[in-house]
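Overview (structure and organization)
Spelled out, the chains give:
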Amino acid sequence: MSRIGKVDRTTKESSISVVLDLDGTGEVEISTGVPFYDHMLTAFGAHGSLDLKVEASGDTHIDAHHTVEDTAIVLGQALRQALGDKKGIRRFGDSYIPMDETLAHAAIDVSGRPYCVHLGEPPEFNTFTIGGNYPFVLNRHVFDSLSFHAQIALHVRVLHGRDPHHIAEAQYKAVARALRAATEPDPRAGGIPSTKGVL
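Computed from a prediction, not measured in an experiment: that's the story for all the values here.

**As for the pattern of salt bridges**
- Counted by the stated rule, this structure contains 8 salt bridges.
- Close ionic contact of D186 with R90 constitutes a salt bridge, the shortest N to O distance being 3.8 Å. Here R90 lies in the loop between α2 (65–83) and β5 (92–99) and D186 lies in the segment after α4 (164–183), a separation of 96 residues in the sequence.
- For R91, the salt bridge identified is with D109, shortest N-O distance 2.6 Å. With R91 in the loop between α2 and β5 and D109 in strand β6 (residues 102–109), the pair connects residues that are 18 residues apart, well separated along the chain. As far as burial versus exposure is concerned, R91 and D109 are alike and both buried.
- The structure contains a network of salt bridges with shared partners spanning R90, E184 and D186.

**Observations regarding the packing of helix α3 (residues 138–150) against α4**
- Running from amino to carboxyl end, α3 crosses α4 at an angle of 15°, the nearest separation of the two axes being 11 Å. Relative to α4, α3 is oriented roughly parallel. Here the hand of the crossing between α3 and α4 comes out right-handed. From α3, N139, V142, F143 and L146 reach across to α4, where they touch A168, Q171, Y172 and V175.
- Counted by class, the contact of α3 with α4 contains 6 nonpolar, 2 polar and no charged residues.

**Remarks on the packing of helix α1 (residues 35–47) against α2**
- At a minimum axis distance of 12 Å, the contact between α1 and α2 shows a crossing angle of 20°. What the angle tells us is that α1 and α2 run roughly parallel. In the packing of α1 onto α2, the handedness of the crossing is right-handed. Across the interface between the two elements, Y37, L41 and F44 from α1 touch T67, V68, T71, A72 and L75 from α2.
- Here the residues of the contact of α1 with α2 are counted per class, giving 6 nonpolar, 2 polar and no charged.

**Topic: unusual backbone geometry**
- Phi is positive for K86, which is not a glycine, with a value near 70°.
- Looking at where K86 falls in the secondary structure, it is placed in the loop between α2 and β5.
- At Q151, a position not held by glycine, the phi torsion is positive, near 60°.
- Along the chain, the position of Q151 falls in the loop between α3 and β10 (153–160).

**Topic: the sheet that holds strand β3 (residues 28–31)**
- The 4 strands are arranged β1-β2-β4-β3 in an open sheet whose pairing can be described as mixed. Across the chains shown, the open sheet's two edge strands, defined by having one partner strand only, are β1 (4–10) and β3. With direction set aside, neighbouring strand axes in the sheet form an average angle of 5°.
- Across 7 bridges, the pairing between β1 and strand β2 (residues 14–21) is antiparallel. Across the sheet, residue K6 finds its bridge partner in β2, namely V19.
- Packed on one face of the sheet, α2 meets β1, β2 and β4 (51–58) and runs near 145° to β1.

Scoring rules and cut-offs
Residues numbered from 1 in each chain as written. Predicted model: local features only at pLDDT ≥ 70, side-chain atom pairs only at ≥ 80, totals over all residues. Heavy atoms only, no water. Salt bridge = Lys/Arg side-chain N within 4 Å of Asp/Glu carboxyl O. Helix = DSSP H or I, 4+ residues; strand = E, 2+ residues; numbered from the N terminus. Buried < 20%, exposed > 50% of the residue type's maximum accessible area, 1.4 Å probe, protein only. Axes fitted to C-alpha atoms, helices over the stretch in contact; angles between N-to-C directions. Parallel < 35°, antiparallel > 145°, perpendicular 65-115°, else oblique. Left-handed = near helix turned anticlockwise from the far one by under 90°. Contact = heavy atoms within 4.5 Å. Nonpolar A, V, L, I, M, F, W, Y, C, P; charged D, E, K, R; others polar. Pairing = 2+ DSSP bridges.

Below, the structure written as structure tokens:
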């Protein structure tokens, strides 16, 4: 049974297309018009072992915000679609990712109940733009949007770090690895992994 999500979304601010295969091998094709975001989504797909294709265009001449957030919305919708009825998955997953001086942790519950907790980013980077194209504060928007539209509980923590590039990248990789663990098949559980019988 394939676990593929495909979602297209067009607004006056952006046009987004996402195809996501939960059972992929990390083959990615990313084009958002925001180079650092492309780098983050490439890492997300590769470390999550997702086959991921993202095509996005938007009003980046104004700011990256709309394109980045809207892409995260569509990514979440595609993830939710790919999960289907969630039978036989592990449901929970977490991951610690070190990147040199940085350490980030992500924990996921594929619960059907969207919730995002995002902690620990150094506040001095709130006005920093990575690579001249990706405002650091968009990290939280991405994870909020992803969790809400995928309907997952997502906790992301930066334990320490001093390089904004590493802090952002460690978070994306931690979320990817946690998602991979939470959504992979559990050979010991064939049904819905909940005592309620539904997620």
